[in-house]
Amino acid sequence: MKASLVAALVVVLAVAHGAESVSVMKRDVQAEVDRISKIINDMSVSIASATQDMVDKVKALEVTNTAQTYVEDSRAKIQPLVEKVQAEAAKLQKQLKPFIANIDDKVKPLTDNFNAQVKPLTDNFYTQVEPLTELIQKFFKQVMDQTKALLPPQ
């Protein structure tokens, strides 16, 4: 009887240990499931964020490519016009060169003649004004000296 009681006690302990073991195992499995769920959720958020970043970069690249294409197309359309304007400007310059040279040839004698007539006048004016300026300078010096003489000594 003692042996059967011990055997029964061992069986009860074994069953209790097994039930507790299953409970611990259930808790461990639940913790693992929660941990794995969190990892999968974090990965899902990360993948969604990375995907959105990629979409944004692709859109930006598309906008950049569209702008680049627009610029290149516009340049291709404008280039012939620019070349035509440059060619017309060169032709106009060739046409105006003799005209400008002709004007220069006609104006140069006039300016030389004007300078030849005005130079003696300006030289004469300077020679007449120079003594007057010296006289005015002397007068101002006398006025300054007399003003200084009127001031009390310091």
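To be clear, the structure that these remarks concern was listed above.
Source: prediction; values computed, not measured. (Residues numbered from 1 in each chain as written. Predicted model: local features only at pLDDT ≥ 70, side-chain atom pairs only at ≥ 80, totals over all residues. Heavy atoms only, no water.)

Draft legend 1. Seen up close, the overall build of the protein chain. Scanning the protein chain for helices and strands turns up one helix and zero strands. A buried classification covers 0% of the 154 residues belonging to the protein chain. Just so you have it, the protein chain exposes about 14300 Å², and 67% of that area is on carbon and sulfur atoms. (Helix = DSSP H or I, 4+ residues; strand = E, 2+ residues; numbered from the N terminus. Buried < 20%, exposed > 50% of the residue type's maximum accessible area, 1.4 Å probe, protein only. Areas by Shrake-Rupley, 256 points an atom, 1.4 Å probe, with all protein chains shown as cover.)

Draft legend 2. Inspection of the pattern of salt bridges at higher detail. With the rule as written, the count across this model stands at six salt bridges. Measuring nitrogen to oxygen at the nearest pair gives 3.4 Å for the salt bridge that ties Asp 123 to Lys 119. With Asp 123 and Lys 119 both in helix H1 (residues 2-150) and four residues apart, this pair spans about one turn of that helix. You can call Asp 123 partly exposed: its relative accessible area is 39%. For Lys 141, the salt bridge goes to Asp 145, with nearest N and O atoms at 3.5 Å. Of the two residues, Lys 141 and Asp 145 both sit in helix H1, four residues apart, roughly one turn of that helix. (Salt bridge = Lys/Arg side-chain N within 4 Å of Asp/Glu carboxyl O.)

Draft legend 3. Broad picture of the packing of aromatic side chains. Inspection of every chain in the model, using the stated rule, returns one aromatic pair. When the ring of Phe 139 is compared with that of Phe 140, the centres are 6.0 Å apart and the planes differ by 50 degrees; the resulting orientation is tilted. By relative accessible area, Phe 139 is classed as partly exposed at 49%. Given a relative accessible area of 52%, Phe 140 falls into the exposed group. (Phe/Tyr/Trp six-rings, centres within 6.5 Å; stacked < 30°, edge-to-face > 60°.)

Draft legend 4. Fine view of a nonpolar patch on the surface. Where nonpolar side chains cluster on the molecular surface, the patch consists of Leu 92, Leu 96, Phe 99, Ile 100, Ile 103 and Val 107 and spans about 530 Å² of accessible area. Looking at the element boundaries, Ile 103 is found in helix H1. On the basis of relative accessible area, Ile 103 is assigned to the partly exposed category, the value being 39%. (Patch = residues over 30% accessible without salt bridge, like charges linked within 9 Å, V, L, I, M, F, W, Y side chains within 5 Å.)

Everything listed is a geometric property; what it means functionally is a separate question.
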